[in-house]
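The primary structure of each chain is shown beneath.
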Amino acid sequence: MPRCALHSKARARQVIFNSNSMKEPTGNVTFLFTDIEGSTKLSQQFAESYPAALEKHNLILNKAVKSNNGFVFKTVGDAFCCAFQNADDAVIAACDIQKILLNENWNEVVIKVRIGIHSGNAEWNGEDYMGYITLARVSRVMSAANGEQIIISKSTFDLISESISDKVSFRDLGERRLKDVIQPIKLFQIISSGLREDFPPLKTLDARPNNLPVQLTNFIGREESMKSAKELLNQTRLLTMLGSGGVGKSRLALQVGADMIDEFANGVFIAELAPVNDPDFILQTLMNSFGFKDESGKTAEEILKDHLKDKELLLIIDNCEHLIKECAITVEMLLSNSTNLKIITTSRESLNCSGEKIYRVPSLSLPDVSVNNTPLQLSKYESVRLFIERAIAVNREFRVNNENAPALAEICSRLDGIPLAIELAAARIKVLSVEKISERLINRFSLLTGGKRTALPRQQTLKAMIDWSYDLLSEKEKILWERLSVFTGGWTLESAEEICSDEKINVMEILDLLNALTEKSIIIYDIEMERYRILETLKQYGEDKLRDSGRKEVILFNHLKHFMEFAEKAGPKLHSNEIHHWLKKLEQDHGNFQSAIKWSLSADETDKGARLATSLGNFWDSRGYYSLGRQILERYLIYTRGLNKSLSVNLIRFAGILSAGQSDYEQARKYFEECLFLTRELGEKKVIAMSLNQLGGTNYFLGEFEQAQKYYEESLLLYRELGEKDGLAACLHNFGNTLGSLGKYEQGQKYLEESLSLRLEIEDKRGMASCLMSLGLIAYNQNNADYMKAIEFYKECISISREIGLKPELAITLYNTGDCIESNDENYEHASEYFEESLSIFREMDHRIGIASSLNGLGNIAFRRSDIEQAKILYEEALTLFRNKGHKTGIANSLYGLGNAAFLQSEFTDAKKYFEECLELRRETGNNKSIAEALRSIANVLSEIGNHELAQKFYEEAHEQLVISN
């Protein structure tokens, strides 16, 4: 420290509705959805002529919708999604479409369209419609129709006026069950002159035999899950849907069955095994589900075999986990007897039958809580959509806004996207705000109660659902689940073996127990990462059980000790060619380190916690975790009196390093001065050299180059005496940077090259990256600037930094590259991209000097593009940050930019003031070239205001400075 210097069907396609006379329909909207019947077959059969026919179809639909005051807001493949404010307009548009299509000369490609119309509440948000229930329902209405048929729902029928009675009439098709499995809906067919009237039965659930239960709520999201499950079922006769309790296995299986009912001539049936505790009742439950009666002289197995042997049928067996062995035997018996039978089972673990395919049901998609999501962005996530729909069901006034959006994202994330948990949380909207629900999730098992009275007892509270899974485990599986709850963010096999084993669970048993818990959907194994993880809700349940077991403190001590030793082993590796591997390992367990540190502070284990924290110092510095690291280290500094001096020195030293990383150089200097004082007392030459080097760094960044040079010289002498290559390389690097900033480029380059040579020798990749960056800076700044060589150094540094995940080096080099391009290449777009990326990373690290420098760079781009007002805004923001940190070089650079902006706008008084302050600072901190630049700028102002004599003196001094620099 410092490492471097900062130099001065198809995917949805949105269709834009282009009408100056009409706004997008909103409120109670009538939707018209269309779809081409057999489009896949047509496109395959008529590969050459289909595209032209499709284009003709598109023109017809667009014209008919628009001429009837409609709005085509989306097309999905060949399907049109249209909105109308008036139901009459939608009906007339549908009739026009069908008549024109019927009378069109299609040649060989005959296009037949089915149309569904439904009305309901929806709001246009500028990009799409908000109103998931309404949109899902209209899609189902459309899917029930046949080609050339128009179907409307009762909600639309009730809105139609008598004024169109002379044009259309309606055939009552009765109440029909659509494939969304919720309450039946009354449907009507539109009859009109010129339209076909007779059609096959509607494609609704009641067209095929089934016992699928009516659902009281809509099926939300799961588009990808539905697609994946259907594809798997097409490849097998037995599909098992796996997942933890409440994840939505049953509802997904039910919806897949409903969607695919047309593929099974004898229908879809479901058998619910959750209430069945005796294996002997499994076959009887299946018989009841099919409606089969007992027959004299025949067993239940024989009756099932007789009735199913020739049937083309899908059977869903729900909740098999508590009778897993018996279910496997039953399923194999049924499948071997009937070649046209297919079965979906839902369970916490697989049946392990021959030919079984597994689909692990994922949680609903989740928002990233670290991002400031707008209500519109949030609505794209399945978990959020489910919460909104269920919340509106209990409180029709509920709305998502900018104020409650962060709390809603937090709820869905903390509940792991588990549908049951989200539904129970949404039910609390009756009495609590979103923010209050989020606050109370720390006690989620008491909050999430009160499910539907009609649900099974275990589905009425989240805890009861998880109790069901827990009770099915063996004693050792239960114990391991409890102990695994101490992990945060996942764990490896080795960590589990070391932390969770004792006299109750032998270390050799851990692997088998982990496999068992994975198979039973309690934990999840990521084969790519070779790590296990557990959903937060199941983790909290395990924490409660661990507390009750009386072993919590022992397991948490094991956890702290394990991760302390792991961090101490990893620390030295960050200065080797293995840095990428170890940074990745440390990142994966960062959550575990933090939770171990937190426990150490509450459990009087500060010595071990402090050892862990100091071992992570280089990791936090490499990754730019400055705020977090400082906060932790400063908490341990309270306890330094009770720690040994070496450990205290390390705490103070890393607190200084991370303070400097946040550009808090005054505080960093205080830490390093204290560190130097303590190390001189200890007499440890290596630590003294290190402290001197770091003190030099803070003075360097504060623009006090001469003082920095003194510290570096003393540090170099000690490192050379010790023969300590790592420290020597770091000090040479920092000294080289300082000499470069003083305009002593050749000497600075010599030190940097020696540093790079040492770092290559000890294979310190991070050090290599820093040296390459600084050599680029020297190449760029020296009198005979080698622009191309600088870019070459920078790009090599960027490559290494990206490879091993070095945020500080990457951010600084991106800035330097942008500066280099902006000054020489004049490719402002390219330079701007570098500045923007560097700014983003600096903001992420809360590196104030870096943020200010990137803002300055973007200000220079705006200035060169003649956007003077924007340039001034950027310079002023940068200046404020630089002044707050006392960064003299940065202050001077921002003042120089503001002076140029004022000069260009003929504000000469302001320009002179900015340039004069800039000159004063550059005389303190800058090199001859930068001083000359400020002098020349003042001379230009004086010349403009007519003071030519004084201007000439400044020109002459500027020339002298340039001569000296050369």
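Summary of the structure given here.

Here is what the cut-offs are and how they apply
- As a convention, each chain's residues are numbered from 1 in the sequence order in which they are written.
- Restriction of local features to residues with pLDDT of at least 70 applies here, the model being predicted, together with a cutoff of 80 or more for giving and counting side-chain atom pairs; totals for whole chains, interfaces and linings are based on all residues.
- To obtain the side-chain values, all non-hydrogen atoms of the structure were included, while hydrogens and water were left out.
- Only DSSP runs of H or I with at least four residues qualify as helices, and only runs of E with at least two residues qualify as strands; both kinds are numbered from the N terminus onward.
- Exposure categories follow from relative accessible area, calculated using a 1.4 Å probe and restricted to protein chains: below 20% of the type maximum is buried, above 50% is exposed, and the middle band is partly exposed.
- Computed with a 1.4 Å probe, the accessible areas rest on the Shrake-Rupley method; for each residue, only the protein chains presented here act as cover.
- Only four residue types enter the charge count: Lys and Arg as positive, Asp and Glu as negative, with His and the chain ends excluded.
- Every charge is mapped onto a representative atom, which is NZ of Lys, CZ of Arg, CG of Asp or CD of Glu.
- Pairing between strands is defined by DSSP: at least two bridges between them are needed.
- Structural elements are reduced to axes, namely lines fitted to C-alpha atoms, with helices fitted over the stretch in contact, and the angle between N-to-C directions of any two is expressed from 0 to 180 degrees.
- Residue contacts follow a heavy-atom distance rule, with two residues in contact if any of their heavy atoms lie within 4.5 Å.
- Salt bridges are defined by distance alone: a side-chain nitrogen of Lys or Arg within 4 Å of a carboxyl oxygen of Asp or Glu.
- What a helix should span is 1.5 Å times the count of its residues minus one.
- Relevant arc is that of directions from the helix axis to the C-beta atoms, nothing else.
- To define a nonpolar core, start from buried Ala, Val, Leu, Ile, Met, Phe, Trp, Tyr and Cys residues and group those joined through side-chain atoms within 4.5 Å.
- Comment on the angle field: the value is read as roughly parallel under 35 degrees, roughly antiparallel over 145, roughly perpendicular from 65 to 115, and oblique elsewhere.
- In this scheme the handedness of a crossing depends on how the near helix is turned from the far one: anticlockwise by less than a right angle means left-handed, clockwise means right-handed.
- Residues are grouped as follows: nonpolar covers Ala, Val, Leu, Ile, Met, Phe, Trp, Tyr, Cys and Pro; charged covers Asp, Glu, Lys and Arg; every other residue, Gly included, is treated as polar.
- Aromatic contacts are taken between Phe, Tyr and Trp rings whose centres are within 6.5 Å, Trp giving its six-membered ring; a plane angle under 30 degrees counts as stacked, one over 60 as edge-to-face, and the others as tilted.
- For a Lys NZ or an Arg CZ to count as sitting over a ring, it must be within 6 Å of the ring centre and within 35 degrees of the ring normal.

Quick notes on the overall build of the protein chain
Phase 1: Each helix and strand in the protein chain was counted, giving 43 helices and 16 strands.
Phase 2: Scored against the burial criterion, the 966 residues of the protein chain give a buried share of 56%.
Phase 3: A total of about 41,600 Å² of accessible surface is found on the protein chain, and carbon and sulfur atoms cover 48% of it.
Phase 4: In the protein chain, 114 positive and 137 negative side-chain charges are present, and the distance between their average locations comes to 3 Å.

Observations regarding the sheet that holds strand β10 (residues 238-242)
Adjacent strands of a sheet pair through backbone hydrogen bonds, lying either parallel or antiparallel.
Phase 1: The five strands are arranged β11-β12-β13-β10-β14 in an open sheet whose pairing can be described as parallel. At either margin of the open sheet sits one strand with a lone partner, and together these are β11 (268-272) and β14 (357-360). Recorded for the sheet is a direction-independent mean angle of 20 degrees between the axes of neighbouring strands.
Phase 2: Judged from the five bridges that link them, strand β12 (residues 313-318) and strand β13 (residues 341-347) form a sheet pairing that is parallel. Among the inter-strand pairings, Leu 314 is bridged to a residue of β13, identified as Lys 342.
Phase 3: Contacts between helix α8 (residues 282-290) and the sheet are confined to β11 and β12, with β11 contributing the most and set at about 140 degrees to the helix.

Considerations on the pattern of salt bridges
Phase 1: Following the criterion strictly, the structure yields 58 salt bridges and no others.
Phase 2: Ionic pairing is found between Arg 630 and Asp 664, a salt bridge with its closest N-O pair at 3.2 Å. Of this pair, Arg 630 sits in helix α27 (residues 626-637) while Asp 664 sits in the loop between α28 (645-661) and α29 (665-682), placing them 34 residues apart in sequence.
Phase 3: What makes Arg 630 buried here is its relative accessible area of 12%.

Section: helix α42 (residues 928-944)
Phase 1: With 17 residues, α42 should cover 24 Å at 1.5 Å per step; its first-to-last C-alpha distance of 25 Å lies within 8% of that length.
Phase 2: Along α42, the residues that are buried comprise Ser 930, Ile 931, Ala 932, Ala 934, Leu 935, Ser 937, Ile 938, Ala 939, Val 941 and Leu 942.
Phase 3: Gly 946 sits one or two residues past α42 and shows a positive phi near 90 degrees.

Observations regarding the pairing of strand β4 (residues 79-84)
Phase 1: Among the six residues that make up β4, six are buried, leaving the element largely enclosed by the rest of the structure.
Phase 2: Of the two faces of β4, the one lined by Ala 79, Cys 81 and Ala 83 and the one lined by Phe 80, Cys 82 and Phe 84 are each fully buried.
Phase 3: In this sheet, β4 lies alongside strand β2 (residues 27-36) in antiparallel orientation, the contact comprising four bridges. Note that in β4 the partner of Phe 31 across the bridge is Ala 83.
Phase 4: Two strands pair when backbone bridges link them, and strand β3 (residues 71-76) and β4 are joined in this way by five bridges, in the antiparallel orientation. When the sheet's bridge partners are listed, Val 76 is paired in β4 with Ala 79.

So, helix α33 (residues 745-762)
Phase 1: The end-to-end C-alpha distance of α33 is 26 Å, a good match for the 26 Å that 18 residues give at a rise of 1.5 Å each.
Phase 2: The complete set of buried residues in α33 reads Tyr 745, Gly 748, Tyr 751, Leu 752, Ser 755, Leu 756, Leu 758 and Arg 759. On an axial view of α33, the arc spanned by its buried residues comes to 165 degrees, and they lie on one face. In α33, the exposed residues that point more than 90 degrees away from the buried face are Glu 746 and Lys 750.
Phase 3: Where α33 is buried, its residues meet α31 (705-722), α32 (725-741) and α34 (765-781).

Section: unusual backbone geometry
Phase 1: The backbone of Asn 107 sits at a positive phi, close to 60 degrees, despite the residue not being glycine.
Phase 2: Among the secondary structure elements, Asn 107 is positioned in the loop between α3 (87-103) and β5 (113-124).
Phase 3: Of note, Arg 222 is a non-glycine position whose phi angle comes to about 65 degrees, a positive value.
Phase 4: Among the structural elements, Arg 222 can be located in the loop between β9 (185-191) and α6 (223-235).
Phase 5: On the basis of relative accessibility, which here comes to 3%, the residue Arg 222 falls in the buried class.

Side note on the environment of Cys 500
Phase 1: Note on placement: Cys 500 falls in helix α19 (residues 493-500).
Phase 2: Its relative accessible area of 0% is what places Cys 500 among the buried residues.
Phase 3: Note: C-alpha distance between Cys 500 and Asn 372 (128 residues apart in sequence) is 38 Å.
Phase 4: Residue contacts for Cys 500: discarding those within four places in its chain leaves Leu 480, Arg 483, Leu 484, Phe 487, Ile 505 and Ile 510.

A word on the nonpolar core
Phase 1: One finds Phe 387, Trp 481 and Leu 484 to be the most contacted residues of the largest nonpolar core, which totals 204 residues.
Phase 2: Tallying contributions element by element places α34 first for this core, with 10 residues.
Phase 3: With sequence-adjacent residues up to four places away left out, Phe 387 is seen in contact with Phe 398, Leu 408, Ile 411, Cys 412, Ile 422, Ala 425, Ala 426, Ile 429, Val 434 and Ile 437.

Concerning the packing of α19 against helix α20 (residues 510-519)
Phase 1: Where α19 contacts α20, the axes come no closer than 10 Å and their chain directions differ by 115 degrees. On the basis of their axis angle, the class for α19 and α20 is roughly perpendicular. Note that α19 runs across α20; the crossing there is right-handed. Where α19 abuts α20, its residues Leu 493, Ala 496, Glu 497 and Cys 500 lie against Ile 510, Leu 511 and Leu 514.
Phase 2: Residue composition of the contact of α19 with α20, by class: six nonpolar, no polar and one charged.

Quick word on the packing of aromatic side chains
Phase 1: Throughout the structure, instances matching the rule amount to 34 aromatic pairs.
Phase 2: Between Tyr 665 and Phe 701, the ring centres sit 4.9 Å apart and the planes meet at 10 degrees, which makes this aromatic pair stacked. Taken as a pair, Tyr 665 in helix α29 and Phe 701 in helix α30 (residues 685-701) lie far apart in primary sequence, 36 residues in all. The residues Tyr 665 and Phe 701 share a single accessibility class, namely buried.
Phase 3: Chaining the aromatic ring pairs together yields one cluster made of Phe 487, Trp 491, Tyr 525, Tyr 532, Phe 563, Phe 566, Trp 582 and Phe 593.
Phase 4: One residue, Arg 653, lies across the ring of Phe 654, its end atom 4.5 Å from the ring centre.

Quick word on the packing of α33 against α34
Any two packed helices are characterised by how steeply their axes cross, that is the angle between the axes, and by the distance between the axes.
Phase 1: As a packed pair, α33 and α34 sit with axes 9 Å apart at the nearest point and diverge in direction by 160 degrees. Considering the angle they form, α33 stands roughly antiparallel to α34. Both α33 and α34 take part in a crossing whose hand is left-handed. Between α33 and α34, the contacting residues are Tyr 745, Gly 748, Gln 749, Leu 752, Glu 753, Ser 755, Leu 756, Arg 759 and Leu 760 on the first element and Gly 767, Met 768, Cys 771, Leu 772, Ser 774, Leu 775, Ile 778 and Asn 781 on the second.
Phase 2: Of the residues assigned to the contact of α33 with α34, the class counts are nine nonpolar, six polar and two charged.

Quick look at the environment of Ala 391
Phase 1: Within the fold, Ala 391 resides in helix α12 (residues 382-394).
Phase 2: Under the relative-accessibility criterion, Ala 391 is labelled buried at 0%.
Phase 3: In this structure Ala 391 touches Phe 398, Ala 426 and Ile 429, once residues within four positions along its chain are discounted.

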